[in-house]
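# Examination of the molecular architecture
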Amino acid sequence: MLENYVEGKNKLLNSIEELNYYCESYGNQKQKELLCEQKKKLEKIHFNLSVLGQFKRGKSTLINALLGEDILPTGVLPLTAIITSLHYSENKMAEVILNNGEKKIINYKNICQYVTEKENPQNCKEIKEVDIYYPSPLLKKGVILVDTPGIGSIYKNNTEITENYLYRADVVIFVLAVDPPLTEKEMDFLNEVKEIANKVIFVLNKIDIVSESDLEKIINFSKKTIIDRLNIDESELDFYPISAEEMQKNSGREIGESKEFLKALEEMIIKQKGKIIIDSVNDKLKIIIEHLIFNVELEMKILHEPLESLENKVEKLYDKLKKIKTRKKQIVYLFKGEIERILNILKNDINNLNDKQSKRLLLKAEKELVNIKGNNIQAEIQDFLEEEIKITFEEWRKAEKEKLDQLLYRESNKFVENINSIIENIQQIFVDLFNLEFFKMIPVDEMAASKDFYYHIKDLDLFYPKLDILTFSAFLPNFIKKPIIKKKIKEEVLRQVDKNCGRISYDFKKRINESSRKFISNWEKEVDNLIEEIKTIIEKSKKEKDFNAEKINEKKEKLLFDINQLKKLS
């Protein structure tokens with residue numbers, strides 16, 4: 001499998017080297033850049049293989065087994081407090097990255113000082129992550145192996161760090177264990193993982209500590225639970241019972257039950273990921289080649305065309321391209337109008353939210369205030385309001401995002417359809433004037449609305465009411481204290497609801513405007529660059545018609561040879 005990938009990769013790299021020459025002769029800057037991107041993609045193929053699971057399932061032990069050396073610390077207590085990534089390097093070292101961006105190189109054997117709760121409790125050293133560089137055969141295949149804090153630990157920050165990391169994971173090894181089998185917390189977490197990771201491999205660890213009969217029951221129970229709760233087909237489930245400890249003792253060699261797991265891991269790394277990269281690069285090269293062939297054939301057509309006929313066709317072409325540019329401006333203007341309409345919808349929704357939730361929260365807070373009997377009124381009402389604010393705005397924000405996503409997706413798709421109709425018009429012009437089939441454009445999904453209009457709102461913090469009552473009020477009786485708190489509640493709820501509405505409105509509006517500007521700019525450039533490229537080819541070829549007959553024939557032979565070579569590369 002590895003040999004097949006290397007062979008395919010080398011073949012494409014050779015094609016890229018050949019295409020560099022043709023891009024210099026017949027291409028444009030965008031094609032050169034795209035060609036360079038494909039080369040980098042092949043040379044630096046890598047992906048994040050993240051090891052996730054509940055604390056004390058044996059994640060770090062499994063990673064050590066895969067690497068063939070005890071690099072990560074293991075122990076009895078929940079250990080890993082931060083994300084630890086392992087990269088390939090001939091030189092063994094580690095780099096600690098602080099929250100403020102500062103970096104420092106350390107001996108990789110000293111990482112326990114930074115990644116354990118014992119040495120770095122509650123991440124008091126303010127470490128963002130640790131990168132370890134190690135000459136492992138597994139890492140050399142383009143894998144970045146990631147150890148994450150265990151979910152469900154007594155340390156809340158461990159679970160939060162792991163959940164926040166999910167969006168960086170490409171492939172996940174989810175580690176379960178027989179002591180005990182699947183927990184409710186693991187199933188809840190798995191539902192999140194399923195939505196984000198491209199692939200999940202399940203590993204049932206510690207099988208060496210139970211009897212064969214018990215192991216069979218645990219395997220059946222775990223498989224059935226995963227299939228039922230995640231709503232997946234049994235054929236889609238990658239599930240492997242192993243003993244990470246036994247693998248570690250044998251330096252990760254294929255022994256016993258681990259054989260299937262290691263084989264599946266190898267296949268996934270090389271066959272699946274490698275195939276995706278190679279297929280992607282291959283598709284892009286085909287588009288570049290078609291584009292270059294069109295450019296060369298257009299030069300050929302112009303050289304063969306009688307001068308009077310050519311002048312007539314070029315005049316018609318430029319006139320049509322001028323009209324297309326005017327049409328493009330109209331399409332952009334209409335789309336900007338739709339963006340403004342969506343922003344007005346957002347504005348109205350925010351105003352309604354502010355009015356409705358201010359009244360609702362005040363009523364609920366007053367009712368809650370009446371029901372509180374103890375002396376710690378301020379703290380109880382404070383906790384109540386914080387929870388209500390959180391529920392109110394998180395739920396609304398999620399619903400509003402989905403609503404805006406749908407509106408933006410619909411309107412951006414209309415815009416793309418209109419732009420594509422312009423490109424089709426240009427294509428038809430060349431069929432009519434030069435009997436020349438146009439090349440394919442970069443697929444629409446390269447700049448799809450769902451990507452350009454994506455805005456992530458999870459990182460936006462909320463503002464919560466702060467009921468800072470004078471300290472002496474703690475000694476007042478409730479019948480005096482409650483009216484004071486009630487007045488403070490009204491002031492703070494109105495202020496903080498308005499503040500949250502303003503911040504959310506600003507966040508949505510900013511992201512929509514930035515995304516729409518980028519989206520429009522990308523498509524405008526696509527059309528404008530295409531038109532300018534066509535004009536450049538035509539003007540260059542018209543000048544070549546002034547050559548003498550011998551030189552023109554030489555040029556024609558050269559063009560024909562290059563066309564044939566490009567067709568071979570495709």
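Residues numbered from 1 in each chain as written. Predicted model: local features only at pLDDT ≥ 70, side-chain atom pairs only at ≥ 80, totals over all residues. Heavy atoms only, no water.

## Overview of the overall build of the chain
When helices and strands are tallied, the chain shows 15 helices and nine strands. Burial statistics for the chain: of 570 residues in total, 48% are counted as buried. Pairs at least 24 apart in sequence give 82% of the contacts found in the chain among residues at least 6 apart. In the form shown here, the chain has an accessible surface area of approximately 30,100 Å², with 49% of it arising from carbon and sulfur atoms. (Helix = DSSP H or I, 4+ residues; strand = E, 2+ residues; numbered from the N terminus. Buried < 20%, exposed > 50% of the residue type's maximum accessible area, 1.4 Å probe, protein only. Contact = heavy atoms within 4.5 Å. Areas by Shrake-Rupley, 256 points an atom, 1.4 Å probe, with all protein chains shown as cover.)

## As for the nonpolar core
Core analysis: the biggest nonpolar cluster contains 58 residues, and L298, L317, I426 and F430 have the highest contact counts within it. Those elements that provide at least two residues to this core are α10 (258–304), α11 (307–371), α12 (377–434) and α14 (478–544). At 19 residues, the largest contribution of residues to this core is made by α12. Once residues lying within four places of it in the same chain are set aside, the contact partners of I426 are L321, I324, F438, L530, I531 and I534. (Core = buried A, V, L, I, M, F, W, Y, C linked by side-chain atoms within 4.5 Å.)

## Considerations on the packing of aromatic side chains
In this description, an aromatic ring pair is defined by two values, namely the gap between the centres and the angle between the planes. In total, this model carries seven aromatic pairs according to the counting rule given. Aromatic pair Y21 and Y22: ring centres 4.8 Å apart, planes at 75 degrees, arrangement edge-to-face. By relative accessible area, Y22 is classed as buried at 5%. When the centroid spacing of 6.2 Å and the interplanar angle of 50 degrees are considered together, the rings of Y240 and F261 count as tilted. You can see Y240 sitting in strand β9 (residues 239–241) and its partner F261 sitting in helix α10, a full 21 residues away along the chain. Of the two residues, Y240 and F261, both sit in the buried class. Of the aromatic side chains, those joined through ring pairs into one cluster are F294, F430 and F434. Its end group placed over the ring of Y114, K125 keeps NZ or CZ at 5.2 Å from the ring centre. Here K535 stacks its cationic end above the ring of Y318, 5.4 Å away from the centre of that ring. (Phe/Tyr/Trp six-rings, centres within 6.5 Å; stacked < 30°, edge-to-face > 60°. Lys NZ or Arg CZ within 6 Å of the ring centre and 35° of its normal.)

## Considering unusual backbone geometry
The phi dihedral of K206 falls on the positive side, at around 65 degrees, and the residue is not glycine. Structurally, K206 can be placed in the loop between β8 (199–205) and α8 (212–230). Under the relative-accessibility criterion, K206 is labelled partly exposed at 21%. Non-glycine residue N231 carries a positive phi angle of around 55 degrees. As for its placement among the helices and strands, N231 is situated in the loop between α8 and β9.

## Some remarks on the pairing of strand β4 (residues 103–106)
By the bridge criterion, four bridges tie strand β3 (residues 93–98) to β4 in an arrangement that is antiparallel. When the bridges of β4 are listed, E95 appears paired with I105. (Pairing = 2+ DSSP bridges.)

## Details of the pattern of salt bridges
Going through the model one piece at a time under the given rule, you end up with 22 salt bridges. Salt-bridge contacts for E532 lead to K325; the nearest nitrogen and oxygen are separated by 4.0 Å. Of this pair, E532 sits in helix α14 while K325 is found in helix α11, placing the two residues 207 residues apart along the sequence. On the basis of relative accessibility, which here comes to 28%, the residue K325 falls in the partly exposed class. When salt bridges that share partners are traced, they join E338, R341, R410, E411 and K414 into one network. (Salt bridge = Lys/Arg side-chain N within 4 Å of Asp/Glu carboxyl O.)

## Notes on helix α3 (residues 59–67)
Given 3.6 residues per turn, any residue in an α-helix points the same way as the ones three and four places further on. Taken across its nine residues, α3 has nine buried, putting it largely inside the fold. Taken together, the buried positions of α3 are K59, S60, T61, L62, I63, N64, A65, L66 and L67. Looking one or two places after α3, you find G68, whose phi comes out positive at around 80 degrees.

## Thoughts on the environment of L436
Residue position: L436 is located in the loop between α12 and α13 (449–452). Considering only alpha carbons, one finds L436 and F294, 142 residues apart in sequence, at a separation of 7.8 Å. Beyond its immediate chain neighbours, meaning those up to four positions away, L436 contacts F294, E297, L298, K301, F430 and V431.

## Let's talk about the pairing of strand β7 (residues 171–177)
A large share of β7 lies buried, amounting to seven of its seven residues. By the alternation rule, side chains of β7 split into V171, I173, V175 and A177 and V172, F174 and L176, which are all buried.

## Quick notes on the confidence of the model for the chain
Mean pLDDT over the chain stands at 77; residues scoring 70 or higher make up 81%. Per-residue pLDDT, averaged within each element of the chain, yields its smallest value for α13 (37) and its largest for β9 (90). Scored below 50 in pLDDT, residues 152–160 makes 21 contacts in the model with residues more than four places away or belonging to other chains. Segment residues 443–460 is flagged for pLDDT under 50; beyond a separation of four residues in sequence, or across chains, it makes 51 contacts in the model. (pLDDT = per-residue confidence, 0-100.)

## Topic: helix α2 (residues 29–43)
Spanning 15 residues, α2 covers 21 Å between terminal C-alpha atoms, matching the ideal 21 Å at 1.5 Å per step. For α2, the complete set of buried residues consists of Q31, L34, L35, Q38 and L42. Projected onto a plane normal to the axis of α2, the buried residues spread over an arc of 100 degrees and lie on a single side. (Expected span 1.5 Å × (residues − 1). Arc of directions from axis to C-beta.)

## Considerations on the side chain of T392
The topology assignment puts T392 in helix α12. Of the polar contacts made by the side chain of T392, one reaches the side chain of R360; its length is 2.5 Å. Engagement of the side chain of T392 in a polar contact is seen with the backbone oxygen of E388, the distance being 2.7 Å. Sequence-distant contacts of T392, defined by excluding residues within four places in its chain, comprise Q357, R360 and L361. (Polar contact = N/O pair within 3.5 Å; in protein donor to acceptor, adjacent residues only side chain to side chain.)

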